[in-house]
Amino acid sequence: MSFYARELHGVRTILSRQWSLPSRIPILYAILGVLVLISVVPMYFYSAKVEAINRERLITNERLLQNTVTRSLADDIAQRQQALHLMLSNLSSAIQVASGEEFSGDDVGAPELRALLETFVSSSDNLAYVTLLNSDAKGISAGRIAPDAFLQRELQRAYAAASEGRAYTGPALVVGSGKAQRTVMLVSTPVMYEGRFLGMIGTVVDLQFLIRRLREVEDSGLTAYVVDSDGRLVAGATPEFITGQDMTYLEIVKNFIEQGGKAQVVAATREFSAKQDRGNVKMLGTYSPVLNLDWAVVVQKPRDEAYRGVFEMQRTARMLAVIAVLLSVGISFYAAERITHPLKVLTESSRAIARGDFSQRVQLKSRTEIAELAATFNSMTEALEQYVLDLKNAAIQNRELFMGSIQMLAGAVDEKDPYTRGHSDRVTRYSMLLAKEMGLSEEAIEVVRVSAQLHDVGKIGIEDNILKKPGALTTDEFSVMKTHTTKGANILRPVAQLKEMIPGIELHHESLDGRGYPHGLKGDEIPLLPRIIAVADTFDALTTNRPYQQAHDPHDALRIIQTLSGKRLDPAAAAALAAIYRRGEIQVQRPASAVPIAPPAPGPQIPEASIAAAQTVAEAVAAGSDRV
């Protein structure tokens with residue numbers, strides 16, 4: 001959509017709004033009771049509807065808040081668990097490399113293995129302890145805590161699981177006492193080599209990070225905690241929550257347990273009752289499963305607090321509704337008859353303008369502000385009419401200036417190389433015919449037009465001694481010449497309006513077989529735009545005189561392009577070129593210095609050697625190396 005069309009559409013959209021006019025009541029005083037009824041009843045239903053909508057929105061917002069909080073915590077826990085398993089896997093690999101896949105017996109105490117454990121446990125504040133046990137259950141350890149009896153029992157369970165080739169994640173445990181008390185859990189992984197059990201790595205994770213996150217949630221007014229698949233507390237934000245505590249007395253926790261393996265990936269929000277000191281309290285809660293741990297993050301809040309905004313909104317809305325009804329009755333009583341007719345006239349005029357009739361003017365006689373409004377409306381209409389006309393003229397001028405600038409820029413490029421004078425115009429014409437033949441839309445054809453006109457603009461940045469060299473280019477010179485595609489793209493990239501055209505400028509020397517440049521793209525990696533320009537560029541190069549070759553007959557050029565179809569050039573574009581040439585839509589003017597070549601007879605083809613030589617030239621043209 002053009003700039004003019006977008007602006008005009010915006011103006012019409014603004015003007016197309018329709019205003020609801022109040023009902024006209026001819027005998028206002030006689031039917032005052034009816035007027036009151038008409039004013040009050042709609043206002044009542046409207047306020048009730050608005051109240052219901054806002055209530056649902058507030059409820060939804062509260063639920064979304066809980067959903068977002070639990071999902072964020074659950075994702076954080078899951079990502080940390082996943083990262084921990086990856087760290088354990090990397091440590092396992094490092095141990096196998098350092099030990100040569102053998103650390104049985106006393107070899108497990110090697111200094112390099114101990115150094116790996118110390119590095120691992122110091123890599124994160126959340127790692128409190130790590131141990132490496134070999135197949136003889138001998139091992140080493142590192143960390144800032146010493147396993148107590150409970151952790152020792154968990155290590156035995158983890159070792160048993162590891163000997164069977166299974167990873168192990170233990171329940172949450174409390175170690176230490178007083179200020180040194182910590183909530184931790186054991187995570188282990190087997191060390192295996194070619195199916196043989198070498199040992200186990202076990203690490204104790206400090207869950208203090210989880211408790212901090214739960215406390216942050218608690219500060220926002222939500223009660224937050226984490227439970228495992230048995231409904232026992234993993235961690236909570238306040239001292240009233242004790243790790244290992246049975247939380248199944250809460251309906252929301254019970255609901256999570258009942259889901260079992262069917263726990264939803266998304267958060268689930270429930271209303272439920274909870275026993276507190278003041279009796280049963282209605283609660284609103286949400287849980288989000290942590291799938292890789294069979295845990296759930298739960299947040300809850302008393303329903304009255306959660307919906308406090310809803311109740312306040314209801315009271316405010318009802319009070320405002322009563323005031324609005326009273327004001328509506330008073331204003332309607334006085335003003336309905338006086339303003340209905342002028343507004344109707346204005347509305348009709350507005351609708352005419354919305355339909356595009358900017359010549360419409362309001363004819364209204366009144367001694368009130370409505371007359372001033374009508375005069376202002378007429379002034380606005382005149383301004384809009386002139387504005388739309390100016391937009392249209394400016395759009396036409398801008399487009400003409402834009403296309404003229406593009407043609408001047410392309411002409412400047414062609415003038416640098418006397419052998420390619422007019423090349424950009426011809427490639428543009430051929431490319432547009434190809435695009436039309438291939439069924440592209442008018443907007444796409446316009447993109448092809450601009451891109452083809454500027455496809456060689458990067459040659460502005462190529463030195464004249466290379467660009468105008470009459471003979472073949474050396475390898476180094478060709479490397480410089482190849483940069484004209486990226487130079488052209490870089491020149492035009494700051495122009496936002498040319499964003500869609502840049503692929504045709506940058507990639508028109510790419511080849512379907514991946515031998516093109518600048519990126520060596522293959523097949524479908526090359527957009528359609530540069531494929532079309534590549535065929536047009538090759539055809540023009542073959543049918544015009546160059547210092548290193550004479551122009552080919554168009555029939556021979558088409559035959560050469562056909563040999564490259566599907567290899568270097570796009571087969572659909574090549575077929576389109578042949579079709580439009582057969583219909584006579586392409587007329588190639590033979591240069592005066594060209595050696596006449598008779599059109600091919602229906603019978604024998606041109607000699608094989610000639611085809612091979614011409615194909616070599618065409619391949620060079622298609623790859624952009626026609627002067628090597």
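A short tour of the structure in this document, coming up. For clarity, every value in this text was computed on a predicted model and none was experimentally measured. (Residues numbered from 1 in each chain as written. Predicted model: local features only at pLDDT ≥ 70, side-chain atom pairs only at ≥ 80, totals over all residues. Heavy atoms only, no water.)

Describing the overall build of the chain
Per the secondary structure count, the chain includes 19 helices and 11 strands. By the burial criterion, 44% of the 628 residues in the chain qualify as buried. Partitioning the contacts of the chain with sequence separation of at least 6, the portion at a separation of at least 24 is 61%. Surface summary for the chain: the accessible area is close to 33,100 Å², and the carbon and sulfur share equals 55%. (Helix = DSSP H or I, 4+ residues; strand = E, 2+ residues; numbered from the N terminus. Buried < 20%, exposed > 50% of the residue type's maximum accessible area, 1.4 Å probe, protein only. Contact = heavy atoms within 4.5 Å. Areas by Shrake-Rupley, 256 points an atom, 1.4 Å probe, with all protein chains shown as cover.)

Let's talk about the pattern of salt bridges
Charged atoms that come close allow side chains of opposite charge to pair. All chains considered together, the criterion is met by 22 salt bridges. With a closest N to O distance of 2.8 Å, Arg213 and Asp76 form a salt bridge. Of the two residues, Arg213 sits in helix 5 (residues 208-219) while Asp76 sits in helix 2 (residues 32-99), which places them 137 residues apart along the sequence. Between Glu446 and Arg449 there is a salt bridge, with its nearest N and O atoms 3.7 Å apart. Pair noted here: Glu446 and Arg449 are both in helix 11 (residues 442-453), with a separation of 3 residues, about one helical turn. Note on Glu446: relative accessible area 22%, which makes it partly exposed. What makes Arg449 partly exposed here is its relative accessible area of 24%. Within this structure, Asp76, Arg80, Arg213 and Glu216 form a network of salt bridges that share partners. (Salt bridge = Lys/Arg side-chain N within 4 Å of Asp/Glu carboxyl O.)

Quick look at the packing of helix 16 (residues 528-542) against helix 17 (residues 554-564)
Running from N to C, helix 16 and helix 17 point in directions that differ by 140°, and their axes come no closer than 9 Å. One element, helix 16, and the other, helix 17, form an angle in the oblique class. In the crossing of helix 16 with helix 17, the sense of the turn from one axis to the other is right-handed. Counted together, Val535, Thr538, Phe539 and Leu542 of helix 16 and Pro554, Ala557, Leu558, Ile560 and Ile561 of helix 17 form the full contact between these two elements. Its residues assigned to classes, the contact of helix 16 with helix 17 comprises 8 nonpolar, 1 polar and no charged. (Axes fitted to C-alpha atoms, helices over the stretch in contact; angles between N-to-C directions. Parallel < 35°, antiparallel > 145°, perpendicular 65-115°, else oblique. Left-handed = near helix turned anticlockwise from the far one by under 90°. Nonpolar A, V, L, I, M, F, W, Y, C, P; charged D, E, K, R; others polar.)

So, the nonpolar core
Soluble, globular proteins show a tendency: their nonpolar side chains are buried together. By size, the foremost hydrophobic cluster in this structure holds 45 residues, and its most contacted members are Leu132 and Trp295. Per-element accounting of this core gives the leading share, 9 residues, to helix 2. In this structure Leu132 touches Ile95, Phe103, Val108, Leu113, Leu117, Lys138, Gly139, Ile140, Met200 and Ile201, once residues within four positions along its chain are discounted. Ala435, Ile505, Ala534 and Val535 belong to the second-largest nonpolar core, a separate cluster that totals 38 residues. (Core = buried A, V, L, I, M, F, W, Y, C linked by side-chain atoms within 4.5 Å.)

Describing helix 10 (residues 423-437)
Between its first and last C-alpha, helix 10 extends 21 Å over 15 residues, near the 21 Å set by a 1.5 Å rise per residue. Residues His423, Ser424, Arg426, Val427, Thr428, Tyr430, Ser431, Leu434 and Ala435 constitute the buried set of helix 10. (Expected span 1.5 Å × (residues − 1).)

Here's the deal with the side chain of Gln208
Take Gln208: it is sitting in helix 5. Not counting residues within four places of it along the chain, the set of residues in contact with Gln208 comprises Arg182, Thr183 and Arg215.

Thoughts on the environment of Val480
With respect to the helices, strands and loops of the structure, Val480 is situated in helix 13 (residues 475-481). Exposure remark for Val480: the relative accessible area of 28% places this residue in the partly exposed category. Taking C-alpha positions, Val480 is 9.7 Å from Leu467, a pair spaced 13 residues apart along the chain. If we skip the residues at most four places from it in the chain, Val480 touches Ile462, Glu463 and Ile466.

Points about the packing of aromatic side chains
All told, the structure shown has 5 aromatic pairs when counted by the stated rule. Measuring from centroid to centroid gives 5.8 Å for Tyr159 and Phe197, while their planes differ by 75°, and the two rings are edge-to-face. Note that Tyr159 is positioned in helix 4 (residues 149-163) and Phe197 in strand 6 (residues 196-206), a separation of 38 residues in sequence. As far as the burial class goes, Tyr159 and Phe197 line up, both buried. (Phe/Tyr/Trp six-rings, centres within 6.5 Å; stacked < 30°, edge-to-face > 60°.)

Some words on the environment of Ser379
Considering the arrangement of structural elements, one finds Ser379 in helix 9 (residues 369-416). For the pair Ser379 and Arg361, spaced 18 residues apart in sequence, the C-alpha to C-alpha distance is 9.1 Å.

Brief notes about helix 18 (residues 571-582)
An ideal rise of 1.5 Å per residue puts 16 Å on 12 residues; helix 18 measures up with 17 Å between its terminal C-alpha atoms. The set of residues buried in helix 18 consists of Ala573, Ala574, Ala576, Leu577, Ala578, Ala579, Ile580 and Tyr581. Lining the buried residues of helix 18 we find helix 10, helix 16 and helix 17. One side-chain oxygen of the residue at the start of helix 18 lies 3.1 Å from the amide nitrogen of Ala572, identifying that residue as Asp570. Once helix 18 ends, the next one or two residues include Gly584, with phi positive near 80°. (Polar contact = N/O pair within 3.5 Å; in protein donor to acceptor, adjacent residues only side chain to side chain.)

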